[in-house]
Amino acid sequence: MLLVWLYGVMVVGAVSRSAVQIATEFDKAPLAYSLSAVAGLVYGFITYSLVRGGERARRAALVCCAAELAGVLIVGTWTLADPSAFPDATVWSDYGMGYLFIPVLLPITALFWLRRGRTAP
């Protein structure tokens with residue numbers, strides 16, 4: 001239940017932040033704001049899959065969490081290697097430092113929980 005709640009909070013944070021930024025200052029950092037919107041959509045799909053339950057939803061959430069973790073690691077590394085590519089932060093910048101590193105910890109926790117759920121009798 002805590003995992004669903006945390007993903008729900010991330011949906012609200014990422015979607016609302018990106019919506020305001022895209023609507024008001026998209027030309028300032030289009031890549032950053034678009035990536036934040038994508039992160040919000042990913043969080044939304046994972047939240048939906050976790051709430052829905054069932055084997056098919058668990059597998060979908062597992063794939064999406066792996067993709068989310070890859071995104072966080074790629075964007076986090078990219079923002080450190082080439083800060084000029086991101087004039088403003090994304091949800092995944094610096095591995096989610098602006099969100100208390102929840103964006104990097106959440107998919108790791110979810111992957112562990114989802115894989116553990118698969119092996120349970």
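This is a predicted model, so every value here is computed, not measured.

Caption draft 1: Region of the structure containing a nonpolar patch on the surface. There is a patch of nonpolar side chains on the surface, built from Leu2, Trp5 and Val9 and spanning about 350 Å² of accessible area. Take Leu2: it is sitting in helix H1 (residues 2-25).

Caption draft 2: Seen up close, unusual backbone geometry. Of note in this structure, Asp94 is not a glycine but carries a positive phi near 50 degrees. Take Asp94: it is sitting in the loop between helix H3 (55-81) and helix H4 (102-119). Residue Asp94 is classed as partly exposed on the basis of its relative accessible area, which comes to 25%. Even without being a glycine, Leu100 presents a positive backbone phi close to 60 degrees. In this fold, Leu100 is placed in the loop between H3 and H4.

Caption draft 3: View of the packing of H1 against helix H2 (residues 30-52). Two elements in contact, H1 and H2, have axes separated by 8 Å at closest approach and are oriented at 150 degrees. As far as their axial angle goes, H2 and H1 are roughly antiparallel. As H1 packs across H2, the resulting crossing turns out to be left-handed. Facing Leu3, Val4, Tyr7, Gly8, Met10, Val11, Ala14, Val15, Ser18, Gln21, Ile22 and Glu25 of H1, the residues of H2 in contact are Tyr33, Ser36, Ala37, Ala39, Gly40, Tyr43, Gly44, Ile46, Thr47, Leu50 and Val51. When grouped by side-chain class, the residues that make up the contact of H1 with H2 number 15 nonpolar, seven polar and one charged.

Caption draft 4: Here's a closer look at the packing of H2 against H3. One can describe the packing of H2 onto H3 by two numbers: an axis separation of 9 Å at closest approach and a directional angle of 155 degrees. Of the possible angle classes, the one that applies to H2 and H3 is roughly antiparallel. In this structure, H2 crosses over H3, and the sense of that crossing is left-handed. Residues Leu31, Leu35, Val42, Tyr43, Phe45, Ile46, Ser49, Leu50 and Arg52 of H2 form the contact with H3, whose participating residues are Ala57, Ala60, Ala61, Cys64, Cys65, Glu68, Val75 and Trp78. Class assignment for the residues of the contact of H2 with H3 results in 14 nonpolar, one polar and two charged.

Thresholds applied
Residues numbered from 1 in each chain as written. Predicted model: local features only at pLDDT ≥ 70, side-chain atom pairs only at ≥ 80, totals over all residues. Heavy atoms only, no water. Patch = residues over 30% accessible without salt bridge, like charges linked within 9 Å, V, L, I, M, F, W, Y side chains within 5 Å. Areas by Shrake-Rupley, 256 points an atom, 1.4 Å probe, with all protein chains shown as cover. Salt bridge = Lys/Arg side-chain N within 4 Å of Asp/Glu carboxyl O. Helix = DSSP H or I, 4+ residues; strand = E, 2+ residues; numbered from the N terminus. Buried < 20%, exposed > 50% of the residue type's maximum accessible area, 1.4 Å probe, protein only. Axes fitted to C-alpha atoms, helices over the stretch in contact; angles between N-to-C directions. Parallel < 35°, antiparallel > 145°, perpendicular 65-115°, else oblique. Left-handed = near helix turned anticlockwise from the far one by under 90°. Contact = heavy atoms within 4.5 Å. Nonpolar A, V, L, I, M, F, W, Y, C, P; charged D, E, K, R; others polar.

Spatial relationships are all this shows, so hold off on functional conclusions.
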